[in-house]
Structures are given as C-alpha cells and as structure tokens.
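What the coordinates show
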Amino acid sequence: MLRIGDIKVHLLQESRYLVDPGGPFGLVPRALWSRHMTPTDDLLVPMTSNCLLLQGAGSNILVDTGYGHKLPAKAQRQIQLTRPHGDLCQGLARLGLAPGDVDLVINTHLHADHCAGNTRHDENGELVAVFPNAEYVVQRREYEDACRPNERTRATYLAENFEPLRAGGQLRLLDGDCDLAPGLRGVVTPGHTPGHMSVVLESEGQVGAQLADLATYALHFERLGWMTAYDVEPLITLETKRRWQAWALEREALLFFPHDPLRPAGRLQRDDSGRLKVHREEFEAVQGGG
C-alpha cells in the first residue's frame, strides 16, 4: 500500500497473461525492447492487469476492473491468462472489502482488458454489475466509440461490459476533465483512444496519476517514440505523453502503469546523462488467494 497524502493506494493485480510483442511494442525493433523486457521461449512478453483501489474520505474507488470472468476458455488459453493469487474480488477481500463496498468504478476506457470485470453472469445467466452499489463512470466520447466499433475495435469493445450498467442506471458519462472525488480528477489523455482518460490524485501536496494506456509499460512513458500497436492515434499519443512527461517531472508525481509486471509504479526522473527514467516505487501488490 502507498499513500498520496491522505489517499491510500492499493495495487490489485487482477491477472497475468502473455502477448505477442508486436502489440505492446509496435514498430520498436526487438533488438531494442528486448534489452528491457525478456521474452519467453516462444517469443511472447508478459502483461498484467494492474487495477487500483483508492481509499479516502470514507470512499472505496476502483480504477479499472481487468478481464473479469467472461472471457471464453479459448481466448484465455490463447493469452495464457492466469490468476496465481486470485481475482479482483479476492484481492478486495484481502483488504476486508466485499464487492458491495465499492462506491465508484472509474473506467479509463472500454477496452475489454480494462473493463470486462465490470459485469458478470448471475445464477440465471443474466449480466449484472460485479459491484452492485457502485456508480461507474467513463468519458462520453469513449462510450460513443465503444457503441460504434469498427473492424479494428469490435474485438475489444464489447457491449456486455458496459451496456448492462447503462440499462441499470449505474453508468454515468463524463464530458471532459472533471473532479470525481476529493483529491481525485479524471483527465482526458487521448491517443490510445480519443476518449481515453487518466486519473490524477492530489492530496496534502503530494501528486500521483494512474496513466492507464497512455503508458502501458513504464518504458512507454520514458520514450516518446515508443507506443503500442493498440493505439488508435499514435501521433496524438506521442504529444499527450510529451505534455504529461513535463507534468510528472515538475510535480515529482507517483505514476502507475496498467500492464507493467516489472515497474507497476514509479517516478519519472532524469539520470546523470539527462535521459528520462522511471524509478520503481517499492511496494507489494495486493494478491487475492492462497
């Protein structure tokens, strides 16, 4: 657990899986990225779904919900998805919380690896909210794009992950940057998707940010030209990162990276040669089971 002022931050590692490096590294040559991320024998690289639980002012707030349990068995095998320490709800249980204790769920965007854990099938096979008492929020632009997927996005924009919330009155659409809770602000950080949102935390003079897929790995935040093949607007990602690099340096912000198994949290600094480097913040993720 970490603190940003009076806000407690818990990292909940929802799942771990393997992907082709062409996804997270795009056009970056293997000779470069493999210096920092060792591939498996079958040339895959690890990713984690790092969700955050934020606690402050009496509220329990989740940032993203990971893959959840609706992913078909074939798809799970394809990415070799595992939960060696339990799922998101088991992680909450380790903190003494039940799904009904969550007050707010912030969806940074509606790609399935970030929001499929929003909903589940109940005993009658109906889709219901995993967090029954929570308000869920997402940017309106993101929701509109998710409702009109194209050939590239239809495999990850799945209505089952958000439409039951809209129908049940639990989903609120945001129009641009806005305050979400005391010390917590949603900010639009376009590039990965046009309606992509990051979450800024500020309390008692301390600052942090869940960058979401503005920087999938810490490596992506260190290097402006490194971005994923998943980014819808990569050149906009580059310019968004340029602005937020300057912000992170000026504010000495604690940064959280959604898929990084090595540096899920850290601070951007310049090394002796003037190069930007994310220095890992030491803390342990909350783990669910056994």
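See the structure shown above.
Since we're looking at a predicted model, the values are computed, not measured. Counting starts from 1 at the beginning of each chain's written sequence and moves along it residue by residue. Local features in a predicted model are, by the rule used here, given only for residues with pLDDT of at least 70; side-chain atom pairs are given and counted only at 80 or more, and totals for whole chains, interfaces and linings are based on all residues. Working from all heavy atoms in the structure, the side-chain values ignore hydrogens and water.

Here we come to helix H9 (residues 234-251). One turn of an α-helix holds 3.6 residues; hence residues three or four places apart share an orientation. Labels follow the DSSP assignment, with helices taken as runs of H or I lasting at least four residues and strands as runs of E lasting at least two, numbered in each case from the N terminus. What a helix should span is 1.5 Å times the count of its residues minus one. With 18 residues, H9 should reach 26 Å at 1.5 Å per residue; the first-to-last C-alpha distance of 25 Å fits that figure. Listed as buried for H9 are Thr237, Leu238, Thr240, Lys241, Trp244, Gln245, Trp247 and Ala248. Count one or two residues on from H9 and you reach Glu252, which has phi positive near 50 degrees. The buried label goes to any residue with under 20% of its type's maximum accessible area, the exposed label to any with over 50%, and the partly exposed label to all in between, with areas taken from a 1.4 Å probe on protein chains only.

Here we take up the environment of Leu214. Inspection of the secondary structure assignment puts Leu214 in the loop between strand E13 (206-210) and helix H8 (218-222). Leu214 gets classed as buried once you look at its relative accessible area, which sits at 4%. C-alpha separation for the pair Leu214 and Lys241, spaced 27 residues apart in sequence, amounts to 7.0 Å. Whether two residues are in contact is decided by their heavy atoms: any pair within 4.5 Å suffices. With sequence-adjacent residues up to four places away left out, Leu214 is seen in contact with Thr189, His196, Ser198, Thr237, Thr240, Lys241 and Trp244.

Site definitions follow a grid-based scheme: protein atoms alone, a 1 Å grid, a 1.4 Å probe that fits but cannot get out for cavities, and for pockets an open set with protein on both sides within 12 Å along at least five of seven lines, plus lining residues having an atom within 4 Å of a point. Grid points are joined across faces, edges and corners, and a volume is the space filled by probe spheres set on the points. On inspection of all chains with the given rule, the structure shows four cavities of 30 Å³ or more. Size it by volume and the largest cavity reaches roughly 50 Å³. Taken together, Ser49, Asn50, Cys51, Asp64, Thr65, Gly66, Asp113, His114, Pro258 and His259 form the lining of the largest cavity. Only strand E3 (45-56) and helix H5 (112-115) provide two or more residues apiece to the lining of the largest cavity.

Two modes of strand pairing occur in sheets, parallel and antiparallel, and in both the strands are linked by backbone hydrogen bonds. DSSP bridges decide pairing: two strands pair if at least two such bridges lie between them. Read from one edge of the open sheet, seven strands run E1-E2-E3-E4-E5-E8-E9, paired in mixed fashion. Two strands close off the open sheet at either side, each with one partner strand: strand E1 (2-4) and strand E9 (171-174). With direction set aside, neighbouring strand axes in the sheet form an average angle of 30 degrees. Here E3 pairs with strand E4 (residues 59-63) via five bridges, running antiparallel. Looking at E4, one finds that Gln55 is bridged to Asn60. Axis geometry follows a simple rule: fit a line to the C-alpha atoms, using only the stretch in contact for helices, then measure angles between N-to-C directions, giving values from 0 to 180 degrees. The strands touched by helix H6 (residues 140-147) are strand E8 (135-139) and E9; relative to E8, the strand with the most contacts, the crossing angle is about 85 degrees.

Turning our attention to unusual backbone geometry. The backbone of Asp64 sits at a positive phi, close to 70 degrees, despite the residue not being glycine. Positionally, Asp64 belongs in the loop between E4 and helix H3 (73-79). A residue is classified by how much of its surface remains accessible, and Asp64, at 3% relative accessible area, is buried. Despite not being glycine, Glu204 has its phi angle at roughly 50 degrees, a positive value. Here Glu204 is to be found in the loop between strand E12 (197-203) and E13.

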